[in-house]
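Structural overview
This is what each chain is made of:
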Amino acid sequence: MATAAPRRSVLVVEDDEDIRAAIAEILEGEGYDVVIAANGSEALEELQHMRRPCLILLDLMMPVMNGHEFLARIRETPRMQGVPVLVLTAVSTEAPPGARGLLRKPFIVEELLDAVQNLCGTVA
């Protein structure tokens, strides 16, 4: 009997509780394991305990540790090398250095799912 492939994990780093919950619900409905964090500091803590994510969805404007600081920190972490980061923002029009793309808020669900699938892959 073949064993099922492990589900893919996505880390969502977003300070807006409603947006965080909506993204988690959407992605879990598509079969992804979702870990959430309200800021970059919480996200760094979560990364120590979760399996390596296939994708990080990252807000830029957050308290405690913003997205730019978080991005700089994970790019210095060997375990996180190669993990794509998709920035979710309402204020910027260009992805910061180290990010693989940018999705403007408010986002369209289909665009979010397409971006996640392109960067993370499909769930088995």
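Look up a bit, the structure's there.
As a starting point, this report considers the structure included with it. From a predicted model like this one, the values you see are computed outputs, not experimental measurements. (Residues numbered from 1 in each chain as written. Predicted model: local features only at pLDDT ≥ 70, side-chain atom pairs only at ≥ 80, totals over all residues. Heavy atoms only, no water.)

Focus on the overall build of the protein chain
Rules: Only DSSP runs of H or I covering at least 4 residues are called helices, and only runs of E covering at least 2 are called strands; the numbering of each starts at the N terminus. Atoms counted for the radius of gyration: C-alpha only. Globule rule: 2.2 Å times the number of residues to the power 0.38. In this scheme, a residue with accessible area under 20% of its type's maximum is buried, one over 50% is exposed, and one in between is partly exposed, where area comes from a 1.4 Å probe on protein chains only. We call two residues in contact whenever any of their non-hydrogen atoms come within 4.5 Å of each other.
For the protein chain, the count of helices and strands is 4 helices and 5 strands. Over its C-alpha atoms the protein chain spans a radius of gyration of 14 Å, differing by no more than 12% from the 14 Å that the globule rule assigns to 124 residues. When the backbone C-alpha atoms are referred to their principal axes, the protein chain occupies close to 50 × 30 × 25 Å. The buried share of the protein chain, taken over its 124 residues, is 45%. For the protein chain, the proportion of contacts with a sequence separation of at least 24, taken over those separated by at least 6, is 63%.

Remarks on the pairing of strand E2 (residues 33-37)
Filter applied, for reference: Note on pairing: two strands pair once DSSP finds at least 2 bridges between them.
By the bridge criterion, 5 bridges tie strand E1 (residues 9-13) to E2 in an arrangement that is parallel. Each residue of the ladder has a partner; that of Val10, found in E2, is Val34.

Some points on unusual backbone geometry
The omega angle of the peptide bond from Lys105 to Pro106 is -5°, so this bond is cis rather than trans. By the element assignment, Pro106 lies in the loop between strand E5 (101-104) and helix H4 (109-120). With a phi close to 70°, Val64 is a non-glycine residue in the positive phi region. Tracing the chain through its elements places Val64 in the loop between strand E3 (55-59) and helix H3 (67-75). Residue Val64 is classed as exposed on the basis of its relative accessible area of 66%.

Some points on the sheet that holds E1
So the rule is basically this: An axis is simply a line fitted to the C-alpha atoms; with a helix, the fit covers only the stretch in contact. Between two such axes, the angle follows the N-to-C directions and lies from 0 to 180 degrees.
With parallel pairing, 5 strands are arranged side by side in an open sheet as E2-E1-E3-E4-E5. Every interior strand has two partners, whereas the edge strands, E2 and E5, have only one. Shown here is a sheet whose adjacent strand axes are inclined to one another by a mean of 20°, direction ignored. Each of E1, E2, E3 and strand E4 (85-89) touches helix H1 (residues 17-29); the most contacted strand, E2, lies at about 170° to it. Lying over the sheet, H3 contacts E1, E3 and E4, oriented at roughly 150° with respect to E3.

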